[in-house]
Structures are given as structure tokens and as C-alpha cells.
Amino acid sequence: MTTLAIIGGTGLGQLAELTATTRKAIDTPYGKPSADYIIGELGAREVVFLARHGNPHTIPPHKINYRANIWGLKQLGVETIIAVAAVGGITPAMAPAHLAIPDQIIDYSYDREHTFFSDTSHPVTHIDFTYPYNPELRDALIDAATRAGIAASPSGTYGCTQGPRLESIAEIKRMEQDGCDLVGMTGMPEAALAKELNMRYAALAVVANWAAGKSDGEITMSEIEQNLHVGMANAAKVLKMCIA
Ligand code: HPA
């Protein structure tokens, strides 16, 4: 049975290392996932891949059907999810193209369908979210990065903004005061939904740019693309080491 999935974000719309065998279109009670699930092999292991922003990359962060994406994975028998995500770097270690395995999250997003537990005919359910990312899966990613010889920060707080615009300098200052090391747009509700369905979930963050105000001038798409090119190649090596 397939148990492991990779959700690819901006810069990882497909995983070249994956020997694709099957493509599955799934419908869920919450609607359609972002794309067909690609089931293939990475090393000797069966892996499901999902392009979070669709294929081609057209779904902005606030329009992603996070519930359908996670529900579909559960339907496929997935128990473990590694989420790859492009982020902005806030604190000094989080330089462009650097990798990080966050351990905490703050949700600044809004107006997203963020729970499977909205049904008023059932008793109210509050899941624990003390550790938003699965500690054992994080350890496996940290260990894989070490074995692959790729520098990766072993912790960090991910702040999830609404997007699709990037942030103002003041917003990033506030996030830094809150304790955020990284800023992205897709970490929530994805992490919480996986936890609601009892799935192991961890993120491999790839820094695409210095967050607003952390470098001179404005943030350009071409700098993001260049940094992601380098960072995602390293992320793919870590994934391969972690899974194979
Ligand atoms: N902010 C939010 N999300 C991002 C950024 C950023 O600077 N870079 C890549 N994803």
C-alpha cells in the first residue's frame, strides 16, 4: 500500500526523480484536488506526488483546495506527507536557496476552508496542535540533509500569510517580532488538515528570497526563480535521501 506523499510547491511542480507509473484523478466530498495524483517510485519506495498549485501552476495559495488535496491523499492510503514549500527568509540564517525544516507555525491566513470538523451534527472536535509538524518525520529530513551533505536549518517558525501578494516591510517586522523565521503562503491549513486526519506531516522549506525589507529594494520574480532553481535541486536530493 502506498503510504508516503510529497506535495510539491512553487518550483517543484514535478519531481524528475520520480519514475511515474500511474496517474489518479480523485474526487472528494470537498471537491477536486489541485491536480491528478502521480503515483510512482523514488528509489525503491512507492510515492504519491501532488502539485499543490496544479499542473500547470495556476492555482494561487488562497484558492488551493487544501481539504480536497489532503482528503484525496488519505483516500489513497497515504499516512506520511512531506510538504515542499517555497518561502521568504526573515531571520539571518534563512538566506536565499537555503533549506529549513520548520518546527512551529503561525497562521496569518484567513477565509480558507481550514477544517474537516465544521459539521454541527457532531460533537465539537479540537485536535492538539502543540507540535504542528511530526517530530520523527522532521528528524528523518534533518538526518537526510546531513547524509546528503546539504546545509539545512533543523528548526524554525513558519508564518503563513494569505497572499498572493508578498508582504510589506512592516508586516515582516511584525512577523519577526512574533518569532517567525520564514514566511510562506501555503503551510496552513495544510498542516492542520493533515493532523486532523492523523497523518504524519513535515515541511521542507526552500528559501526563495529575503523577505520584504531584509534586502535592498523590491523582490523580483527573477530572483525568486533563480534561487528556487538552486534550492529545489537540493531539496530533491534531500527527499531522495530521506525516502530511498
Ligand atoms: N513571502 C511569502 N511567501 C513567499 C515568499 C515571501 O517573501 N517567498 C516565497 N514564498
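Residues numbered from 1 in each chain as written. Predicted model: local features only at pLDDT ≥ 70, side-chain atom pairs only at ≥ 80, totals over all residues. Heavy atoms only, no water.

Novice: Just checking my understanding: could you explain the overall build of the protein for this structure?
Specialist: Looking only at helices and strands, the protein features five helices and 11 strands. Relative to the compact-globule value of 18 Å for 244 residues, the protein shows a C-alpha radius of gyration of 17 Å, a close match. Along the three orthogonal principal directions, the C-alpha set of the protein runs to about 45 × 45 × 35 Å. For the protein, buried positions account for 51% of its 244 residues. (Helix = DSSP H or I, 4+ residues; strand = E, 2+ residues; numbered from the N terminus. Rg over C-alpha atoms; globule rule 2.2 N^0.38 Å. Buried < 20%, exposed > 50% of the residue type's maximum accessible area, 1.4 Å probe, protein only.)

Novice: What am I meant to see in the UniProt feature "site: Important for substrate specificity" (unreviewed entry) in the protein here?
Specialist: What UniProt calls "site: Important for substrate specificity" (unreviewed entry) maps, in this numbering, to E167 and M221. On the basis of their most widely separated C-alpha atoms, the annotated residues across 55 residues gather in one place, lying no more than 14.1 Å apart. Among the residues just listed, E167 and M221 line the largest pocket. Mapped onto the fold, E167 is located in the loop between β9 (157-160) and α3 (169-178). (UniProt positions renumbered as here; feature names shortened; annotations may be inferred. 1 Å grid on protein atoms, 1.4 Å probe; cavity = no way out; pocket = protein on both sides within 12 Å on 5 of 7 lines; lining within 4 Å.)

Novice: In this structure, what is going on with the layout of surface pockets? I would like to understand it.
Specialist: Any empty space left between atoms is shown by rolling a water-sized probe over those atoms. Of the pockets and cavities examined, the largest pocket occupies roughly 440 Å³. Taken together, 25 residues make up the lining of the largest pocket; nearest its centre are T10, P61, A86, L166 and M185. By residue number, the principal contributor to the lining of the largest pocket is strand β5 (residues 80-89), which donates four residues. A breakdown of the residues in the lining of the largest pocket according to their chemical character gives 14 nonpolar, nine polar and two charged. (Points joined across faces, edges and corners; volume = space filled by probe spheres on them. Nonpolar A, V, L, I, M, F, W, Y, C, P; charged D, E, K, R; others polar.)

Novice: Even after reading the chapter, I still don't get the packing of aromatic side chains, so can you show me in this structure?
Specialist: Here a ring pair, both rings aromatic, is described through the centre-centre distance and the interplanar angle of the planes. All chains considered together, the criterion is met by four aromatic pairs. Plain terms: the ring middles of Y133 and Y201 are 6.2 Å apart, the flat faces sit at 20 degrees to each other, and that makes the pair stacked. Of the two residues, Y133 sits in the loop between β7 (104-107) and α2 (135-148) while Y201 sits in strand β11 (residues 200-210), which places them 68 residues apart along the sequence. Relative accessible area serves as the criterion here: at 4%, Y201 is assigned to the buried category. Aromatic rings pair up to connect Y30, W71 and F116 into one cluster. (Phe/Tyr/Trp six-rings, centres within 6.5 Å; stacked < 30°, edge-to-face > 60°.)

Novice: Would you mind going over the site of the ligand with me for this structure?
Specialist: All residues in the neighbourhood of the ligand are listed as A86, V87, G88, L166, E167, V183, G184, M185 and N209. Interatomic distance of 3.4 Å between a backbone N/O atom of A86 and a nitrogen atom of the ligand. Separating a nitrogen atom of the ligand from a backbone N or O atom of G88 is a distance of 3.4 Å. Protein contacts shield 93% of the accessible area of the ligand, which totals 260 Å² for the unbound molecule. Because more than half of its atoms lie within 2 Å of the grid, the ligand is assigned to the largest pocket. Listed by contribution, the elements that provide at least two residues to the shell around the ligand are β5 and β10 (182-184). (Near = heavy atom within 4 Å. Polar contact = N/O pair within 3.5 Å; in protein donor to acceptor, adjacent residues only side chain to side chain. Areas by Shrake-Rupley, 256 points an atom, 1.4 Å probe, with all protein chains shown as cover. Sits in = over half its atoms within 2 Å of the grid points.)

Novice: Explain unusual backbone geometry to me, please; I cannot follow it from the model alone.
Specialist: Most peptide bonds are trans, and most residues other than glycine sit at a negative phi. The residue after G163, namely P164, is reached through a cis peptide bond having omega -5 degrees. The residue after M188, namely P189, is reached through a cis peptide bond having omega 10 degrees. Assignment of secondary structure puts P189 in the loop between β10 and α4 (190-196).

Novice: When you look at empty space enclosed by the protein in this model, what are you seeing that I'm missing?
Specialist: Under the definition given, this model contains one cavity of 30 Å³ or more. Estimated volume of the largest cavity: approximately 40 Å³. Along the walls of the largest cavity sit R52, A85, Y133, Y158, T186, G187, E190, Y201 and A203, which together make up its complete lining. Its residues assigned to classes, the lining of the largest cavity shows five nonpolar, two polar and two charged.

Novice: Quick question: what am I supposed to make of the environment of N65 here?
Specialist: Inspection of the secondary structure assignment puts N65 in the loop between β4 (45-51) and α1 (66-75). It is 9.5 Å that separates the C-alpha atoms of N65 and E190, two residues lying 125 residues apart in sequence. The residues contacting N65, other than those within four sequence positions of it, are Y30, G31 and K32. (Contact = heavy atoms within 4.5 Å.)

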